[in-house]
Amino acid sequence: MTMDDLQHLLEYHYWARDRILVAVTPLTPEQYGRNLSSSFPSVHATLVHTYSAEWAWHSRWEGRSPTAMLPADQFPDVATLRRAWVEHEARMYAFVASVGPDGPTRRFAYTLLSGAAGVSTLQQMVQHVVNHGTYHRGQVTTMLRQLGAAPPKSMDLIQFWREWESRNAQRPETSS
């Protein structure tokens, strides 16, 4: 896996995150917090968990191992969560850009929330963050349907690539 691969995975992850956040924005506070008996009880709890897990992995990359996830009440609504997540996104991109060409295979030792020791490469952890986000976005999509709300636009990886190709085909080539 190359640095470009890691950057593209993050681009996909945040593109899909933005689509799910757009889809949940019209929910009423009651709908956003309603217990729907999924892995996490509500749309709110699921999204905060997804962000919090990403935050925990980033913390590990920086040499800190959190002992707990972020509290859901720290993000009472979609706007608060979106602000925090967009700010965090910049830190994720900056970290990945800072590790250099051998960064994907760099190994990080960390402590899991359970207290167990772990060691993983950056590429494994980035892939996990993206896959974990995909899993929970799927759950939120189901919750939206249960609430009678409109689901998000397609968050399929191939749709991301189609749009990515379209955007890049429209960019004029630069000459030196």
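Look up a bit, the structure's there.
Remember, it's a predicted structure, so these values are computed and weren't measured experimentally. The numbers attached to residues start from 1 for each chain and follow its sequence in the written order. Reporting of local features is limited, given that this is a predicted model, to residues whose pLDDT is at least 70; pairs of side-chain atoms are given and counted only at 80 or more, and all residues count toward the totals for whole chains, interfaces and linings. By convention in this description, side-chain values take in all heavy atoms of the structure and omit both hydrogens and water.

*Asks:* Sorry if this is basic, but what is going on with helix α4 (residues 78–98) here?
*Replies:* Note that an α-helix has 3.6 residues per turn; residues three or four places apart therefore point the same way. Segments assigned H or I by DSSP are reported as helices when at least four residues long, segments assigned E as strands when at least two residues long, and all are numbered from the N terminus. Expected helix span is taken as 1.5 Å per residue step, with the number of steps being one fewer than the number of residues. With 21 residues, α4 should cover 30 Å at 1.5 Å per step; its first-to-last C-alpha distance of 30 Å lies within 8% of that length. Under the scheme applied here, a residue whose accessible area is under 20% of the maximum for its type counts as buried, over 50% as exposed, and between as partly exposed, the area being computed with a 1.4 Å probe on protein chains only. Along α4, the positions that sit buried rather than exposed are V78, T80, L81, A84, W85, H88, E89, M92, F95 and V96. The arc that holds every buried residue of α4, seen down its axis, measures 165°, which confines them to one face. For α4, the exposed residues set more than 90 degrees away from the buried face come down to R83, A97 and S98. Where α4 is buried, its residues meet α1 (3–24), α2 (29–33), α3 (43–61), β1 (107–111) and α5 (122–146). Taken from the residues just after α4, G100 is the one with a positive phi, measuring 80°. Comment: arc refers to directions from the helix axis out to C-beta atoms. Contacts were defined at the residue level, with two residues in contact if any of their heavy atoms lie within 4.5 Å.

*Asks:* It is not clear to me how the packing of α1 against α3 should be interpreted in this structure. Could you clarify?
*Replies:* Helix packing geometry: the angle between the two helix axes and the distance between the axes. Relative to each other, α1 and α3 sit at 160°, their axes nearing to 12 Å. Classified by the angle their axes make, α1 and α3 are roughly antiparallel. In this structure, α1 meets α3 at a crossing whose hand is left-handed. Of the residues in α3, those in contact with H13, Y14, I20, L21 and V24 of α1 are V43, L47 and E54. With axes taken as lines fitted to C-alpha atoms, and helix axes fitted only over the stretch in contact, angles between N-to-C directions fall between 0 and 180 degrees. In this scheme, roughly parallel covers angles under 35 degrees and roughly antiparallel covers those over 145, while 65 to 115 is roughly perpendicular and the rest are oblique. Definitions for this section: a left-handed crossing has its near helix turned counterclockwise from the far helix by less than a right angle. A right-handed crossing has that turn clockwise.

*Asks:* Can you help me understand the side chain of Q31 in this one?
*Replies:* Structurally, Q31 can be placed in helix α2. On the accessibility criterion, Q31 (18% relative accessible area) is buried. Counting of polar contacts relies on pairs of N or O atoms within 3.5 Å, with two restrictions inside protein: one atom must be capable of donating a hydrogen and the other of accepting it, and residues adjacent in sequence are counted only when both atoms are side-chain atoms. A polar side-chain atom of Q31 sits 2.9 Å from the main-chain amide nitrogen of T28. Those residues within four positions of Q31 in sequence are excluded, and the remaining contacts are P26 and L147.

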